[in-house]
Amino acid sequence: MLSWNPALAKRHLRTLSDFTDDEMLELLELAEALKRRKDSGIRGDLLHRRNIALIFEKGSTRTRNSCVVAAQDEGGNAEYLNPHDIHIGHKESVKDTARVLGRLFDGILFRGFRQSTVEQLAEYAGVPVWNGLTDESHPTQILADLMTMRQSFGADLHGRKLVYIGDGRNNVANSLMMGCAKAGVHYVNCTPAELSPDAELVARARETAARHGATVTVEHDPKTAVRGANALYTDVWVSMGEEDKQAERLRLLRPYQVNMPLCEATGNLGGELIFLHCLPAFHDFETEVSRETGPLEVTDDVFESDFSRVFDEAENRMHTIKALFVSAIGDSSRA
Ligand code: CP
Ligand code: NVA
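Numbers given to residues run from 1 along each chain, matching the order in which its sequence is written. Naming scheme: in the order in which they are written, chains are lettered from A and ligands are numbered from 1. Reporting in this predicted model follows two pLDDT cut-offs: at least 70 for local features of residues, and 80 or more for side-chain atom pairs to be given and counted; totals over whole chains, interfaces and linings ignore these cut-offs and use all residues. In computing side-chain values, all of the structure's heavy atoms are included and hydrogens and water are not.

(A) Structural context of the packing of aromatic side chains. For Phe, Tyr and Trp, rings pair up if their centres lie within 6.5 Å, where Trp contributes its six-membered ring, and each pair is then called stacked (planes under 30 degrees apart), edge-to-face (over 60) or tilted (otherwise). A full pass over the atoms with the stated rule returns four aromatic pairs. With a centroid separation of 6.0 Å and 45 degrees between ring planes, the pair formed by Phe56 and Tyr80 is classed as tilted. Highlighted residues: Phe56 in strand 1 (residues 51–56) and Tyr80 in strand 2 (residues 77–81), separated in sequence by 24 residues. A simple rule labels every residue: compare its accessible area, found with a 1.4 Å probe on the protein chains alone, to the largest value its type can have, and call it buried under 20%, exposed over 50%, or partly exposed in between. Taking the relative accessible area as the measure of exposure, Tyr80 reaches 29% and is therefore partly exposed. Relative to Phe325, the ring of Trp130 has its centre 4.7 Å away and its plane inclined at 55 degrees; by these criteria the two rings are tilted. Taken together, the residues Trp130 in strand 4 (residues 129–131) and Phe325 in helix 13 (residues 310–329) connect sequence positions 195 residues apart. Each helix is a run of DSSP H or I of at least 4 residues and each strand a run of E of at least 2, with the numbering of both proceeding from the N terminus.

Written out as structure tokens, the structure reads:
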């Protein structure tokens, strides 16, 4: 029998700060219960007759399809809306679109550029709105990352150390910093000075981490940063919408590649070290970009190693998104 905290009903996820630290853990526990249920062959109907709108201004493999499968697994429907096919932003304001979609759908997941779009949707839709990535944050990703860490290290992550290496001020880095802080994980952001995270976000994460005896650090030297790490995490050096910055990013970030010597520098290789990446990743020569550049943020041997957890992490996107949908708009009488 599944159950979840009724306080999670109708809640938005604009950033991870929309949930208390305990509520975030409750979402992870629900995701784990939903995974166990699916693994045992049960398809439920917790989202029976629930309709979810998916607005994607940017491309997606994991997030979009996780939403579709999560909804379908529980008897619901997720409808992909290409912003070029609907009027949002061109002929109709975000505010009006929110009010219309909120009359039709039970929830809305948005991926796109501006954080303010998610916030406006949440303000006016009258139904839960989930942030599926903006330029500033990627909270649903971090739920999957924490679930993956729990699979490796157990449910209590307090005192573990995660080192994020790469573009220190992108959406994933920002949300990961807060997610680790809320879970009591020591977080190190290893990045060149030019790409350091926003000071206010760091201050907020430090306040949160302090409640758990955890730390949030910005470090510029990779070998120093990774010492004692339990998890190394990286992301693309050029996020969607920043393609014109490619040359500069490659110049700044080449010394920040996650490779075997860097994994060795953790002192935990062959022990309790895992590698995480939100994906997609440039680790080989098999993409249009990396055919020209070669592997970028991670080498192929690390990506394919036995301590790489990237495909568990990708799968966990679906379980965690399902937990968000079920807790916000699910029918508990069908649990
Ligand atoms: N990690 C992630 O958000 O992947 P997609 O861009 O494929 O959704
Ligand atoms: N920082 C990356 C994450 C992709 C899931 C981007 O925004 O493109």
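Continuing now.
(B) Main features of the site of ligand 2. Note on terminology: near, applied to a residue and a molecule or strand, indicates that one of the residue's heavy atoms is within 4 Å of it. In the vicinity of ligand 2, the contacting residues are Leu133, Asn170, Asn171, Val172, Asp235, Val236, Ser239, Met240 and Leu279. Definition of a polar contact: a pair of N or O atoms within 3.5 Å, with one able to donate and the other able to accept a hydrogen when the atoms are protein atoms, and with sequence-neighbouring residues admitted only if both atoms are side-chain atoms. Asp235 places a side-chain nitrogen or oxygen 2.7 Å from a nitrogen atom of ligand 2. Between ligand 2 and Ser239, the relevant distance is 2.7 Å, taken from a nitrogen atom to a side-chain nitrogen or oxygen of the residue. All accessible-area figures derive from a Shrake-Rupley calculation using a 1.4 Å probe, and residue coverage is judged against the displayed protein chains alone. Relative to its unbound accessible surface of 270 Å², ligand 2 loses 95% to contact with the protein. Residue composition of the shell around ligand 2, grouped by class: five nonpolar, three polar and one charged. Put simply, Ala, Val, Leu, Ile, Met, Phe, Trp, Tyr, Cys and Pro go in the nonpolar bin, Asp, Glu, Lys and Arg in the charged bin, and everything else, Gly too, in the polar bin.

(C) Representation of unusual backbone geometry. At the junction of Leu279 and Pro280, the peptide bond is cis and its omega measures out at 5 degrees in the coordinates. Considering the arrangement of structural elements, one finds Pro280 in the loop between strand 9 (274–277) and helix 11 (288–293). Look at Lys10: it is not a glycine, yet its phi comes out positive at around 65 degrees. By secondary structure assignment, the location of Lys10 is in the segment before helix 1 (21–39). Here Leu133, not a glycine, exhibits a phi torsion of approximately 120 degrees, which is positive. Structurally, Leu133 is set in the loop between strand 4 and helix 5 (139–153).

(D) Broad picture of the site of ligand 1. The local shell around ligand 1 consists of Ser60, Thr61, Arg62, Thr63, Arg111, His138, Gln141, Cys278, Leu279 and Arg317. Between ligand 1 and Thr63 there is a distance of 2.7 Å, counted from an oxygen atom to a side-chain nitrogen or oxygen. Contacts to ligand 1 include Arg317, whose side-chain N or O atom sits 3.0 Å from an oxygen atom. Within the complex, the protein chains bury 96% of what would otherwise be the 260 Å² of accessible surface of ligand 1. Residue classes in the shell around ligand 1 are distributed as two nonpolar, five polar and three charged.

(E) A look at the side chain of Lys35. The residue Lys35 is located in helix 1 in this model. Side-chain polar atoms of Lys35 contact the side chain of Glu315, separated by 3.4 Å.

(F) A look at a negative patch on the surface. Patch construction takes residues with relative accessible area above 30% that form no salt bridge. Like charges are linked within 9 Å, and nonpolar side chains (Val, Leu, Ile, Met, Phe, Trp, Tyr) are linked within 5 Å. Here, a salt bridge means any side-chain nitrogen of Lys or Arg that lies within 4 Å of a carboxyl oxygen of Asp or Glu. Counted as positive: Lys and Arg. Counted as negative: Asp and Glu. His and the chain ends are not counted at all. In this description, the location of a charge corresponds to atom NZ of lysine, CZ of arginine, CG of aspartate or CD of glutamate. There is a patch of like negative charges on the surface, built from Glu286, Asp300, Asp301 and Glu304. As for its placement among the helices and strands, Asp301 is situated in helix 12 (residues 300–303).

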